[in-house]
Amino acid sequence: ISNSSRFEDYKLQNIIGNQLASQGFYEIMANSLTTPKYIELSEDLNADHNVKMLNPLSNDLEVMRQSLLFSGLEAVSRNINRKREDLKLFEFGKTYHQYSDKREEHKHLSLFVTGNKTEARWNAVTVPSDFFYLKGTLETILQRLGLTRLKSAPTKSDIFSEGMSLAIGKKTLVNFGLVKKSVLKHFGISQNVLFADFNWD
């Protein structure tokens, strides 16, 4: 990838990051090393595609992540356990995949929304975050990038109890929805969490 392409990508990330921050989102930076046990939480992931460490520091840092969902849920769980229950988080990060003849890295933008849209105040009524709030946020991101004429369809991902995808033509740009309670239970999360995964490339 050329330096000019890297610079353009950095500028786009900065533009979208600033837009999300202005909407009350906080950026997170999770570890790309993770536990192989997370593969068991989704049939969309394959243990054969794990990029394994030769000398892992621990069993919880044994492979490179195939999804940004689980490291993000770790951050959500940590915040909720410290009484920060209204969260809007985003992360620019990569996933890593081992195939029979090559390894691949893919760039993603992930969003996590849980709790109320705004913090509780004496002079304002709190409104819970919902599916349509997240959908609106995603559409404003795509519009800022100049991407319009979007097609929506139900997503087939098994991590969602209900989910959708936004696409241009046959190219899927983002999958999003309500994370399944069985996945949330693994992280000790009892409240609803909405997740969006952009194919940033």
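Anything mentioned here points back to the structure above.
Cut-offs and rules
Residues numbered from 1 in each chain as written. Predicted model: local features only at pLDDT ≥ 70, side-chain atom pairs only at ≥ 80, totals over all residues. Heavy atoms only, no water. Core = buried A, V, L, I, M, F, W, Y, C linked by side-chain atoms within 4.5 Å. Buried < 20%, exposed > 50% of the residue type's maximum accessible area, 1.4 Å probe, protein only. Helix = DSSP H or I, 4+ residues; strand = E, 2+ residues; numbered from the N terminus. Contact = heavy atoms within 4.5 Å. Phe/Tyr/Trp six-rings, centres within 6.5 Å; stacked < 30°, edge-to-face > 60°. Salt bridge = Lys/Arg side-chain N within 4 Å of Asp/Glu carboxyl O. Pairing = 2+ DSSP bridges. 1 Å grid on protein atoms, 1.4 Å probe; cavity = no way out; pocket = protein on both sides within 12 Å on 5 of 7 lines; lining within 4 Å. Points joined across faces, edges and corners; volume = space filled by probe spheres on them. Nonpolar A, V, L, I, M, F, W, Y, C, P; charged D, E, K, R; others polar. Polar contact = N/O pair within 3.5 Å; in protein donor to acceptor, adjacent residues only side chain to side chain.

### Concerning the nonpolar core
In this structure, Leu109, Leu111, Leu134, Leu138, Phe176 and Phe198 are the most contacted members of the largest nonpolar core, which totals 24 residues. Looking at this core, the elements with two or more residues in it are α1 (3–22), β4 (87–98), β5 (103–114), α3 (131–144), β7 (160–168), β8 (171–179) and β9 (193–199). Broken down by element, the residue count for this core peaks at six residues, all from α3. Excluding residues within four positions of it along the chain, leucine 109 makes contact with Ile16, Phe90, Glu91, Phe92, Ala196, Asp197, Phe198 and Trp200.

### A look at the packing of aromatic side chains
Scanning the model with the defined rule gives nine aromatic pairs in all. In this structure an aromatic cluster arises from ring pairing among Tyr38, Phe70 and Phe187.

### Quick notes on the pattern of salt bridges
Across all of its chains, the model carries six salt bridges by this definition. One salt bridge connects aspartate 9 with lysine 107, and the closest N-O pair in it is separated by 2.7 Å. On the criterion of sequence distance, the pair formed by aspartate 9 in helix α1 and lysine 107 in strand β5 is long-range, its members being 98 residues apart. Between arginine 65 and glutamate 91 there is a salt bridge whose closest N-O contact spans 3.1 Å. Of this pair, arginine 65 sits in the loop between β3 (63–64) and α2 (69–81) while glutamate 91 sits in strand β4, and the two are 26 residues apart along the sequence. Just as arginine 65 is buried, glutamate 91 falls in that class too.

### A look at the pairing of β5
For a regular strand, the rule is simple: side chains alternate between the two faces of the sheet. Here β4 pairs with β5 via 12 bridges, running antiparallel. When the bridges of β5 are listed, phenylalanine 90 appears paired with leucine 111. Hairpin connection from β4 to β5: four residues lie between these consecutive antiparallel strands. Note: β5 against β9, seven bridges, orientation antiparallel. In the strand pairing of β9, leucine 109 is matched with phenylalanine 198.

### Focus on the layout of surface pockets
If a probe the size of a water molecule is rolled over the atoms, the empty space left behind becomes visible. Taken as a whole, the largest pocket encloses approximately 730 Å³ of empty space. Together, 28 residues line the largest pocket, and Asp44, His108, Ser157, Asn175 and Asp197 are the ones closest to its centre. If you list the elements that add at least two residues to the lining of the largest pocket, you get β4, β5, β7, β8 and β9. Here the lining of the largest pocket takes four residues from β9, the largest share from any one element. By residue class, the composition of the lining of the largest pocket is 10 nonpolar, 15 polar and three charged. Reported here for the second largest pocket is a volume of approximately 370 Å³.

### Thoughts on the side chain of glutamine 191
Looking at where glutamine 191 falls in the secondary structure, it is placed in the loop between α4 (181–186) and β9. Side-chain polar atoms of glutamine 191 contact the backbone oxygen of glutamate 85, separated by 2.8 Å. Within the structure, glutamine 191 has its side chain in polar contact with the side chain of threonine 114 (distance 2.8 Å). Not counting chain neighbours up to four residues away, the residues in contact with glutamine 191 comprise Ile80, Glu85, Thr114, Gly115 and Leu184.

### Concerning the environment of serine 71
By secondary structure assignment, the location of serine 71 is in helix α2. The exposure class assigned to serine 71 is buried, which follows from its relative accessible area of 8%. Each C-alpha atom of the pair serine 71 and proline 128 lies 24 Å from the other, and the pair is 57 residues apart in sequence. Excluding residues that lie within four positions of it along the chain, serine 71 makes contacts with Ala30, Asn31, Arg65 and Glu91. Of note is the side chain of serine 71, whose polar atom sits 3.0 Å from the side chain of arginine 65. One polar contact links the side chain of serine 71 to the main-chain carbonyl oxygen of leucine 68, over a distance of 3.4 Å.

Function-wise, these values are silent; they only describe arrangement.
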